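Examining the three-dimensional arrangement
So you can see what is in the structure, the chains are spelled out below.
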Amino acid sequence: MADCVHCGQECGKNPVIYDQKPFCCNGCSMVYQILSEKKLNRYYEMMPTPGIRLDAESGAGTRYAYLDNDDIRNKLLDFSDGGISRINLFIPAIHCSSCIWLLENLNTLHPGIMHSHVNFVRKEVSITFHDAEISLRQLMELLHAIHYIPDISYDTTKKDSHQKANRRMIMKIGVAGFAFGNIMLVSAPDYFPGNETIDRLMAGTFGIVSFILALPVITYCSSDFFLSAWKSLRKRVINIDLPLSIGILALFLESSYEIFSGSGTGYMDSLAGLLFFMLIGRWYQGRTYQSLSFDRDYRSYFPIAVTLLREGTEVFVPLQDVRPGDLILVRNGELIPVDSVMIEGEGSIDYSFVTGESLPVSKKTGDFVYAGGKQTGAAIKLQVVKEVAQSYLTQLWNEDRLGEDPGMNMQTIVNKVSHYFTLVILAVAGSAFLYWAFEDLGKAVYVFASILIVACPCALALTIPFTFGNVMRIFGRNGFYIKNTGVIENLTKADTVVFDKTGTLTHSRSMNVSWEGHSLNETEMRWIRSVARNSTHPLSVIVSDWLPAGEDIVVESYREIPGMGISGMTEGHNVMLGSRKFIAGSESPEDSRVSSVYISIDHKLKGYFKLENSYRKGLEEVIAGFDGFSKHMISGDNDSERSNLIKVFGTGDALHFNQSPVDKLNFVNDLTNRGRKVIMIGDGLNDAGALIKADIGITIADDIYHFSPACDAILKSSEFGRLYRFVSFAKKSVSVVYVSYTISFLYNIIGLSFAVQGLLSPVFAAVLMPLSSISVVAFASLAVSLLARKKGLSVSA
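A quick note: this is a predicted structure, and the numbers were derived from the prediction, not measured. (Residues numbered from 1 in each chain as written. Predicted model: local features only at pLDDT ≥ 70, side-chain atom pairs only at ≥ 80, totals over all residues. Heavy atoms only, no water.)

Across its full length, the protein carries 27 helices and 28 strands. Across the protein, every contact between residues at least 6 apart in sequence was considered, and the portion connecting residues at least 24 apart equals 67%. Carbon and sulfur atoms make up 55% of the accessible area of the protein, which totals about 35500 Å². (Helix = DSSP H or I, 4+ residues; strand = E, 2+ residues; numbered from the N terminus. Contact = heavy atoms within 4.5 Å. Areas by Shrake-Rupley, 256 points an atom, 1.4 Å probe, with all protein chains shown as cover.)

What follows is the structure, encoded as structure tokens:
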């Protein structure tokens, strides 16, 4: 009988035929037709029979009609504003690369879907869509039609799935441990001299008791192994649980045969011990993964602080200290960190960080504002209405850039090696079974099970996540916050580093400031300060801090042109701050050795602020530390600092001045096109495009904790002097990965050499299997910690 092209199940005697291909049911045929019409046939090329079959009666119908209720809809949506909504769904059917590919191409199936992103580990998909073109109900029905049914109760009930999984795993460990102890008790006579004198009936009774005790072990405790192996076989894929399941089943069947035939007592004690120790290993592995996931989501893996308004004064506080009811100030270009209500000002919110749509959404007093948007106008005051969930911002930051091709990275290679490794182990186990079967069938099963259990690629698969996970943890504890472990791998390949100047090489808050020009009265200084405080550009912040504090004036018609300057209306007067070209329409005639911020009021040039740069501590050490790298500096300022920077960089050829944001982007683009692996270091304002284009974009976070979604990593300004140490540490961490690989392979080779000779029992193999994973995790943690200390990095919190 033919197998279904979509799901792989048998089609029976009367298959449904479409396009000369067999299908088991009309549902599978319909999904194939949908994908064919939308030219998504690659779904079937990536992996054979990747689909999921639905029961005939499980059509959508009115199943999702309740989603037309606005109250329910709003509770489910993570975001909904400006005609764009975003939802995060748990889809249990996600199981392979074809699933990921199809779910990330949903926009091809319906034009109302903007984009989608899959988190394979959590079986979640985040979908952004246009409300006017596809409703939430229609979106659910579309997913249902292609057989990826969302488990909506997963989000609405907010159950702790990790806690439930842990409880279930501990129950299984308890049952296996109880059975193991009692089977060992009734099997004890077999391990002592004189066991041949035991009455045959008594021995048979002990065997039956062992069989009864082993039944919950084989049916309940090992169910996860069997289900995983069965699902992989249905998809014609071999996973790690297949050889384990075969070994468990072989041991149980051989032992049952010996017990009921009276030819022996079997290996039920070995079977129970095997499951007991393997489940402990799985529990440990799961707990460690959850620990890394918890750190990633909730423990401030990047710094965000907000400007809190307390009794008329501005105070910078960490994000986690913000509470509902607090008033916060959000300037132009700053991220809105919490769900809030507009209290004062005119909101022009760019939600591209959340939805990918850059068209700003207008907000007025009293409007609700979602977290994750960026203010693109004058500063606004917001009142916090919801507890801070930094995990939401972390999730947004951690999503892959749209259209980015991850290529062939180390983890992909390891996954492929693990796949072929499993095939080799099955071949070795089969050969050893045939060899021993000619001498002793019981011994052959014993050897067969031991090989399948001891030779496990778990340790191999754990190497990269735990090595790079520990590197990531140490980075965070030392003020260097990276987007994901892929950034570490990119750092190891980098050969070029590009620095922005203002706010990166120079201190953004500690310049010597003086005024040149017509004297300013108190009112004019208040106007200038009110406009300047709306911007997060380092020079605007310095001018705002230098001017005397006073009552803030509402700024209207605020504009900020990257690389040029800012403008706004205060009490009916037009105030402009920026470069001479922006203010007067001509370049500065003098070759000053300082940066300048020109001022005009009502289109009359009043003068300029002279800002003498103060370079960051450890700058020379940082530049020298990137020995062997191609080093460049790009700046939007004039070349007034050329002579100073030549002393640091050693050559004037690496210095590029008067660069607009577009020039910076083109410069980095040219380097990457020439095959260079580029680290771009900036402040995330005028160089956001260059940060995105670089292989690794790093922003410097001063005490205002400005957060740029464009970057791959954030470096606290106080840690700037250790930047080259972080890069060197990342490069050295790769050696830990290679040593861990060697340990894993040596463990498997030594274990196999004993197992094929029949010198290794299944129970001892089950003890060794989790020990191999534990040894790799312990080695990775210890080695990474030692490397960190050698590089002068803090290991403990």
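Moving on, we get to the packing of helix α18 (residues 485-493) against helix α26 (residues 723-755). Viewed as axis vectors pointing N to C, α18 and α26 meet at an angle of 100°, and their least axial separation amounts to 8 Å. As far as their axial angle goes, α26 and α18 are roughly perpendicular. Contact residues: I488, L491, T492 and K493 in α18; V727, A730, K731, S733 and V734 in α26. Here the residues of the contact of α18 with α26 sort into five nonpolar, two polar and two charged. (Axes fitted to C-alpha atoms, helices over the stretch in contact; angles between N-to-C directions. Parallel < 35°, antiparallel > 145°, perpendicular 65-115°, else oblique. Nonpolar A, V, L, I, M, F, W, Y, C, P; charged D, E, K, R; others polar.)

Sheet strands associate in pairs through backbone hydrogen bonding, adopting either a parallel or an antiparallel arrangement. One open sheet holds the seven strands; their spatial order is β16-β28-β27-β26-β17-β24-β25, and the pairing between them is mixed. Two strands lie at the open edges of the sheet, namely β16 (480-482) and β25 (655-656), each paired on one side alone. Two strands pair when backbone bridges link them, and strand β26 (residues 678-682) and strand β27 (residues 696-701) are joined in this way by four bridges, in the parallel orientation. Along β27, the bridge assignment pairs I679 with I696. (Pairing = 2+ DSSP bridges.)

Bringing the side chain of T467 into the picture now. Turning to its location among the elements, T467 is positioned in helix α17 (residues 458-477). Taking relative accessible area as the criterion, T467 reaches 0% and is therefore assigned buried. Not counting chain neighbours up to four residues away, the residues in contact with T467 comprise S733, V736, V737, S740, A780 and V784. (Buried < 20%, exposed > 50% of the residue type's maximum accessible area, 1.4 Å probe, protein only.)

Ordered in space as β18-β23-β22-β21-β20-β19, the six strands form an open sheet in which the pairing is antiparallel. In this open sheet, the two edge strands, each paired with only one partner strand, are β18 (512-517) and β19 (556-561). Each strand of the sheet is rotated relative to its neighbour by a mean of 15°, with strand direction disregarded. Note: strand β22 (residues 595-601) against strand β23 (residues 604-612), seven bridges, orientation antiparallel. Within the sheet, the bridge partner assigned to I601 lies in β23 and is K604. Most of the contacts of helix α20 (residues 538-546) go to β23, to which it runs at about 100°, and overall it touches β18, β20 (565-570), β21 (573-578), β22 and β23.

The end-to-end C-alpha distance of helix α11 (residues 241-261), which contains 21 residues, comes to 30 Å, matching closely the 30 Å that a straight helix rising 1.5 Å per residue would cover. Among the 21 residues of α11, 15 are classified as buried, and the element is accordingly described as predominantly covered. With its phi angle positive at about 80°, G262 sits one or two positions after the end of α11. (Expected span 1.5 Å × (residues − 1).)

The next subject is the packing of aromatic side chains. Tallying each qualifying case throughout the model produces 18 aromatic pairs. On the numbers, 5.0 Å between centres and 80° between planes, the contact of F211 with F260 is edge-to-face. Separated by 49 residues along the polypeptide, F211 in helix α9 (residues 200-221) and F260 in helix α11 bring together distant segments of the chain. Here F211 falls in the buried class, since its relative accessible area comes to 17%. Judged by its relative accessible area of 53%, F260 is exposed. (Phe/Tyr/Trp six-rings, centres within 6.5 Å; stacked < 30°, edge-to-face > 60°.)

Glancing now at the confidence of the model for the protein. Within the protein, residue pLDDT values average 78, and 78% of them lie at 70 or more. Looking across the protein, the model is least confident in helix α7 (residues 153-156), with a mean pLDDT of 44, and most confident in β21, with 94. A low-confidence stretch, residues 294-302 stays under pLDDT 50, and its non-local contacts, those more than four residues away or across chains, total 31 contacts. Segment residues 401-408: pLDDT under 50, and 10 contacts once partners within four positions in sequence are set aside and those in other chains are kept. (pLDDT = per-residue confidence, 0-100.)

Let us now look at the pairing of strand β11 (residues 347-350). As defined by bridge partners, β11 adjoins strand β12 (residues 361-363) across three bridges and the pair is classed as antiparallel. The residue of β12 that forms the bridge with G347 is K363. Of the pairings in the sheet, the one linking β11 to strand β14 (residues 374-375) comprises two bridges and is antiparallel in character. Following the sheet pairing, I349 is matched in β14 by Q375.

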